[in-house]
Amino acid sequence: DVVYVLRIPTHKIMSINLGIGSRLPAGSRDAEVVKEIVARIDALNDLMKDLLLFARPPQPRLAPTDPRPILETVVNLVRQDPGAREIAIQVKGTSDTVVADQELLKLVIQNLLLNAVHAINGAGSIQIDVHTTGSMCRMTVTDSGPGIPPEVREKLFTPFFTTKARGTGLGLSTAKRFVEAQGGTIAIDCPPTGGTTVSIELPR
C-alpha cells in the first residue's frame with residue numbers, strides 16, 4: 001500500500017478557511033465545523049514543527065551576543081499576541097556579551113514568554129530580568145500567575161508532558177536542549193509569594 005501525505009502550509013490553511021468561511025452563514029453549524037477543522041490542522045502543524053525541532057535540533061552558531069536587544073525584540077513580538085494585549089511585560093537589568101546563538105535564544109525566550117502569557121490567562125504581569133554574575137549571564141522570566149504544583153513542575157522538561165489543552169509537550173524540553181547546546185542551564189522555580197520564575201544561565 002502507498003500512503004500519500006498532504007502537507008499544507010499554515011498560511012494556505014488560513015486562506016482556505018477564509019475562502020470557505022466567506023460562503024457559509026455566520027454562526028451556522030457548518031461554519032463552526034470548518035473553524036474546528038482548521039484549528040485541529042493548525043495544532044497538527046504546530047506538533048510537526050515541534051517534533052522536527054526536538055528530533056533534529058539545529059547546531060548552535062555561537063558568537064558574542066548582547067542578550068538585552070534580543071529580549072526586547074521577543075517581548076515586542078509577544079505583545080502582538082491577542083492573549084498578551086492586557087499583560088504588562090517589562091525588561092529590566094543590563095548584561096555583558098554572552099556566547100550564544102541569537103536565533104536559538106530568541107526561540108527559547110519566546111517559548112518562555114508565551115508559557116507565561118498562558119499561565120496568567122490574559123491578566124497580570126511578566127518581568128524579565130537580566131544581569132551578569134561572574135562568568136555567567138542570568139536571565140529570568142517571572143509571571144504573576146498561580147504557580148505550578150511541585151508534582152507538575154518536576155515533569156515540565158519531560159517530552160510530550162503538557163498541561164495545555166492543545167499543547168504538544170515539546171516546548172520546554174526543546175528549550176532545554178537549545179540552552180544546554182549553548183553551554184547553559186535552565187531551571188524552574190515557584191517562589192512562596194506566588195508566580196513562576198524560569199531562569200536561564202549562559203556563559204559569557
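Residues numbered from 1 in each chain as written. Predicted model: local features only at pLDDT ≥ 70, side-chain atom pairs only at ≥ 80, totals over all residues. Heavy atoms only, no water.

Examining the sheet that holds strand S2 (residues 87-92)
Thought 1: The sheet built from five strands is open, its strands ordered S2-S4-S5-S7-S6 with mixed pairing. Every other strand in the sheet has two partners, leaving S2 and strand S6 (185-189) as the edge strands with one partner each. Strand-to-strand twist of the sheet, defined as the mean angle between neighbouring strand axes without regard to direction, takes the value 15 degrees.
Thought 2: The pairing of strand S5 (residues 136-143) with strand S7 (residues 196-203) spans eight bridges and is classified as antiparallel. Its bridge partner being in S7, Thr142 is matched across the sheet by Thr197.
Thought 3: Set on the sheet, helix H4 (residues 102-120) makes contact with S2, strand S4 (124-133), S5, S6 and S7; between it and S4 the angle comes to about 145 degrees. (Pairing = 2+ DSSP bridges. Helix = DSSP H or I, 4+ residues; strand = E, 2+ residues; numbered from the N terminus. Axes fitted to C-alpha atoms, helices over the stretch in contact; angles between N-to-C directions. Contact = heavy atoms within 4.5 Å.)

Focus on the environment of Pro150
Thought 1: The topology assignment puts Pro150 in helix H5 (residues 150-153).
Thought 2: Look at Pro150 and you get exposed, because its relative accessible area is 53%.
Thought 3: Residues Pro150 and Asp189, spaced 39 residues apart in sequence, show a C-alpha to C-alpha distance of 9.2 Å. (Buried < 20%, exposed > 50% of the residue type's maximum accessible area, 1.4 Å probe, protein only.)

Some words on the confidence of the model for the protein chain
Thought 1: Per-residue confidence for the protein chain gives a mean pLDDT of 80; residues scoring 70 or more make up 70%.
Thought 2: Contacts of residues 1-18 to residues separated by more than four positions or lying in other chains number nine contacts, the stretch itself having pLDDT below 50. (pLDDT = per-residue confidence, 0-100.)

A look at helix H3 (residues 67-78)
Thought 1: Compared with the 16 Å implied by 1.5 Å per residue over twelve residues, the 17 Å span of H3 between its first and last C-alpha is a close match.
Thought 2: Buried within H3 we find Pro67, Ile70, Leu71, Val74, Val75 and Val78. Around the axis of H3, the buried residues are gathered within 135 degrees of arc, so they sit on the same side.
Thought 3: On its buried side, H3 packs onto strand S1 (63-65), S2, strand S3 (98-100), H4, S4 and S5.
Thought 4: You can read the cap of H3 off the contacts: a side-chain oxygen lies 3.2 Å from the backbone nitrogen of Arg68, and it is on Asp66. (Expected span 1.5 Å × (residues − 1). Arc of directions from axis to C-beta. Polar contact = N/O pair within 3.5 Å; in protein donor to acceptor, adjacent residues only side chain to side chain.)

Looking at the packing of H4 against helix H6 (residues 171-181)
Thought 1: It is the contact of H4 with H6, at a shortest axis distance of 9 Å, that shows an interaxial angle of 145 degrees. In the crossing of H4 with H6, the sense of the turn from one axis to the other is left-handed. Here H4 contributes Leu104, Leu107, Val108, Asn111, Leu112 and Asn115 to the contact with H6, which in turn contributes Gly171, Leu172, Ala175, Phe178 and Val179.
Thought 2: When the residues that make up the contact of H4 with H6 are grouped by side-chain class, the tally is eight nonpolar, three polar and no charged. (Left-handed = near helix turned anticlockwise from the far one by under 90°. Nonpolar A, V, L, I, M, F, W, Y, C, P; charged D, E, K, R; others polar.)

Digging into the nonpolar core
Thought 1: Leu112, Leu113, Ile126, Met139 and Ile200 are the most contacted members of the largest nonpolar core, which has 37 residues in total.
Thought 2: Ranked by residues supplied to this core, first place goes to H4 with nine residues.
Thought 3: Setting aside chain neighbours within four positions, we find Leu112 in contact with Val141, Leu172, Ile186, Val198 and Ile200. (Core = buried A, V, L, I, M, F, W, Y, C linked by side-chain atoms within 4.5 Å.)

Looking at the side chain of Gln182
Thought 1: With respect to the secondary-structure elements, Gln182 resides in the loop between H6 and S6.
Thought 2: Looking at Gln182, its side chain comes within polar contact range of the main-chain oxygen of Phe178, at 3.0 Å.
Thought 3: Non-local contacts of Gln182, meaning those with residues more than four positions away in its chain, are made with Pro60, Leu62, Val99, Ala100, Asp101, Leu104, Leu105, Leu202 and Pro203.

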